[in-house]
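Notes for the structure review
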Amino acid sequence: MCGPTTHETSRKEVECIEHIPLLIQPLVKIYRSTPKVHFPGTKIDIVFTLLSSLFLYGSFAIGQEFLIQVLGWPRIPLTREAATSIGAIAHSTVLVPSLGVLLATQKFIPSAPMKSHPQWWQDAATALLQFCTGYMIYDSINSFLIGRWVSGEGVVLIPGDVEYLGHHFATSFYMMSCLYIGAGHLSAMILMFTGEFTNPINNIFLISRMAMIQLDCCNGPWLQAVYPYIELTFAWMYAVFRIFCGPMSAALNTYDIVFTKEGRSRIPALLIPFWLIMSWGVLIGSIPWIIDCIDMIKDGLVVKYHKDYDGEL
């Protein structure tokens, strides 16, 4: 049995794995067993981030073969694109429940220093920030450097790719800067939670939409029956989280790091504007999708992206 500990006796706390919430225990064990190699000049570990990228690429590769070998999708670029959604689902499935536990077990102070939390919590939070950064690295390479590669021409980006890559860079910068200064991680985690909560249904919607509209082989009666409910569920969830949950979280972050003395003292003044621009910018940038979702909600079970849809996907 492990007795009560303080921050100074954190070694005992590290050894008390039974004190850690059950859902978080595997994450903490894996993180602690991973070799630590720090980015030059910092205390930011890069090994767990890179291993996360490999895990997510494996999810993509397995997902692609599942679509082809089990569901009968053809081996074409569209199937590869659908498989990237499976990688995204794997990412959010690990991320969101773990973030929920961590956010629920500590007082929410967006600018709180990392050292104010128990050691197990610090390890889990650091692992999730690195895991999410690993996703940004994996997706940037897999979706754009590889996915947009054209023989004889190199990488050929399409409209929207630059903004998407910018989102990935900004998100990674936000999370890594939290680890670098040792504070503000809760502000990033609440944005990650509200932003990624709808990711599984979003990507299920994208995969089913591809099958409905662009693949005659995979547009059977079962998919046609459940697809309206997938579309409507996604529309409601996305609208609620982007209209209410996301802005509320960003507002709480803004108040703490801008309008409280403690927040301003913990976060470097030059970093605050970047964090605000990145957090509010993502929400503002989602307005076109919010409008699209509101239209889908108004239509109810009359789907927008049906099998005869010929607009932009």
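Now for a description of the structure that goes with this document. Here the structure is a predicted model, which is why all the values come from computation and not from measurement.

Quick look at a nonpolar patch on the surface now. Judged by side-chain polarity, Leu 50, Ile 137, Ile 141, Leu 145, Ile 146, Trp 149, Val 155, Leu 157 and Val 162 come together as a nonpolar surface patch covering roughly 800 Å² of accessible area. At four residues, the largest contribution of residues to the nonpolar patch is made by helix H5 (residues 119-146). For Val 155, the position within the fold is in strand E2 (residues 154-155). On the accessibility criterion, Val 155 (35% relative accessible area) is partly exposed.

Let us look at helix H8 (residues 199-214). Over its 16 residues, H8 extends 22 Å from the first C-alpha to the last, a length consistent with the 22 Å expected when each residue adds 1.5 Å. In this structure, the buried side of H8 is in contact with helix H4 (77-104), helix H7 (185-196), helix H9 (221-259) and helix H12 (287-299).

Glancing now at the packing of H9 against helix H11 (residues 271-285). The geometry of H9 relative to H11 is characterised by a closest axis approach of 10 Å and an angle of 170° between their N-to-C directions. Classed by the angle they form, the pair H9 and H11 counts as roughly antiparallel. Of the residues in H11, those touching H9 at Arg 242, Gly 246, Pro 247, Ala 250, Ala 251, Thr 254, Ile 257 and Val 258 are Ile 272, Trp 275, Leu 276, Trp 280, Val 282 and Leu 283. Here the residues of the contact of H9 with H11 sort into eleven nonpolar, two polar and one charged.

Here we take up the side chain of Thr 126. By the element assignment, Thr 126 lies in helix H5. A residue is classified by how much of its surface remains accessible, and Thr 126, at 13% relative accessible area, is buried. Dropping the residues within four chain positions of it, Thr 126 is found in contact with Tyr 31, Met 114 and Leu 179.

What counts, and where the lines are drawn
Residues numbered from 1 in each chain as written. Predicted model: local features only at pLDDT ≥ 70, side-chain atom pairs only at ≥ 80, totals over all residues. Heavy atoms only, no water. Patch = residues over 30% accessible without salt bridge, like charges linked within 9 Å, V, L, I, M, F, W, Y side chains within 5 Å. Areas by Shrake-Rupley, 256 points an atom, 1.4 Å probe, with all protein chains shown as cover. Salt bridge = Lys/Arg side-chain N within 4 Å of Asp/Glu carboxyl O. Helix = DSSP H or I, 4+ residues; strand = E, 2+ residues; numbered from the N terminus. Buried < 20%, exposed > 50% of the residue type's maximum accessible area, 1.4 Å probe, protein only. Expected span 1.5 Å × (residues − 1). Contact = heavy atoms within 4.5 Å. Axes fitted to C-alpha atoms, helices over the stretch in contact; angles between N-to-C directions. Parallel < 35°, antiparallel > 145°, perpendicular 65-115°, else oblique. Nonpolar A, V, L, I, M, F, W, Y, C, P; charged D, E, K, R; others polar.

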